[in-house]
Amino acid sequence: MRGVTILKAEDDKTKTLNSHTLMAYTGEAGDTVQFAEYIQANVQLYGMRNNSSWQLSPSAVASFIRRELARSLRSRNPYNVNLLVGGFDTTTNKPHLYWLDYLASQASLPYAAHGYAQYYCLSILDKHHHPDIPLERGIELMRMCRDELNKRLPIDFKGLLVKVITAKGIEVIEL
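Structural notes, computed from the coordinates. Within each chain, residues carry numbers counting from 1 in the order of the written sequence. Totals for whole chains, interfaces and linings use every residue, but because this is a predicted model, local features are given only for residues with pLDDT of at least 70 and side-chain atom pairs only at 80 or more, for both listing and counting. Each side-chain value is worked out from all heavy atoms of the structure, with water and hydrogens disregarded.

## Here we look at the sheet that holds strand S6 (residues 106-108)
The five strands lie next to each other as S2-S3-S4-S5-S6, forming an open sheet whose pairing is antiparallel. Edge positions in the sheet fall to strand S2 (14-18) and S6, since each has one partner strand and no second. Taken pair by pair, the neighbouring strands of this sheet meet at an average axis angle of 20°, ignoring direction. Docked against the sheet, helix H1 (residues 29-50) engages S2, strand S3 (21-27) and strand S4 (81-89), running at close to 15° with respect to S2. Should any heavy atoms of two residues lie within 4.5 Å, those residues are considered in contact. Every axis in this analysis is a line fitted to C-alpha atoms, fitted for helices over the stretch in contact. Angles between the N-to-C directions lie between 0 and 180 degrees. Numbering of helices and strands starts at the N terminus; helices are DSSP runs of H or I of at least 4 residues and strands are runs of E of at least 2. Its contacts with the sheet put helix H2 (residues 58-73) on S2, S3, S4, strand S5 (94-100) and S6, and the angle it makes with S4 is roughly 160°. At least two bridges found by DSSP between two strands is the condition for calling them paired.

Here it is, written out as structure tokens:
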């Protein structure tokens, strides 16, 4: 063991919202799971009510989540969650990534990282990312981030669960 803290190897902090949209969450333990399941259920309910073959775009999902975070912020028990919402818009054939925080701020980003990993990975992504990056180069960047986390993160690092969102849908890949 290299670090004081040990991570759970099978912990997945993502929720599939629809066939082309994924949400990664972090924050207080009870808030994150409850809020993520609430959002997942409501996005899926919207799809069932309107037309099961037509799904919300990633930007519409991010706007819905932002509205729910703003509503909870005005309540007595606000959710303490930070989110990354990524997806592939099948109408425009473009990928989208949104960052949302517990204060209901929303920003569109070309790349992002959560938690302590951001301190190590964002510099790599700053240096090597470009707007027209192919999937293979993106996977190579993820390997570079994983290697950096293995070297520098002061915990017993168990690895990454990598999910890729393409026009075909969401798939898990091995690094």
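## Focus on the pairing of S4
By the criterion of burial, S4 is predominantly enclosed, with eight of the nine residues buried. The pairing of S3 with S4 spans seven bridges and is antiparallel. When the bridges of S4 are listed, Thr26 appears paired with Asn82. Relative to S5, S4 is paired through seven bridges, and the arrangement is antiparallel. Within S5, the residue paired with Asp89 across the bridge is Lys94. Relative accessible area decides the class of each residue, using a 1.4 Å probe on protein chains only: under 20% of the type maximum gives buried, over 50% gives exposed, and in between gives partly exposed.

## Here we look at the pairing of S3
Consecutive side chains along a regular strand alternate between the two faces of the sheet. Bridge analysis of S2 against S3 gives four bridges, and the strand direction is antiparallel. Pairing of Thr16 across the sheet is with Leu22, part of S3. Two successive antiparallel strands, S2 and S3, enclose a turn made up of two residues.

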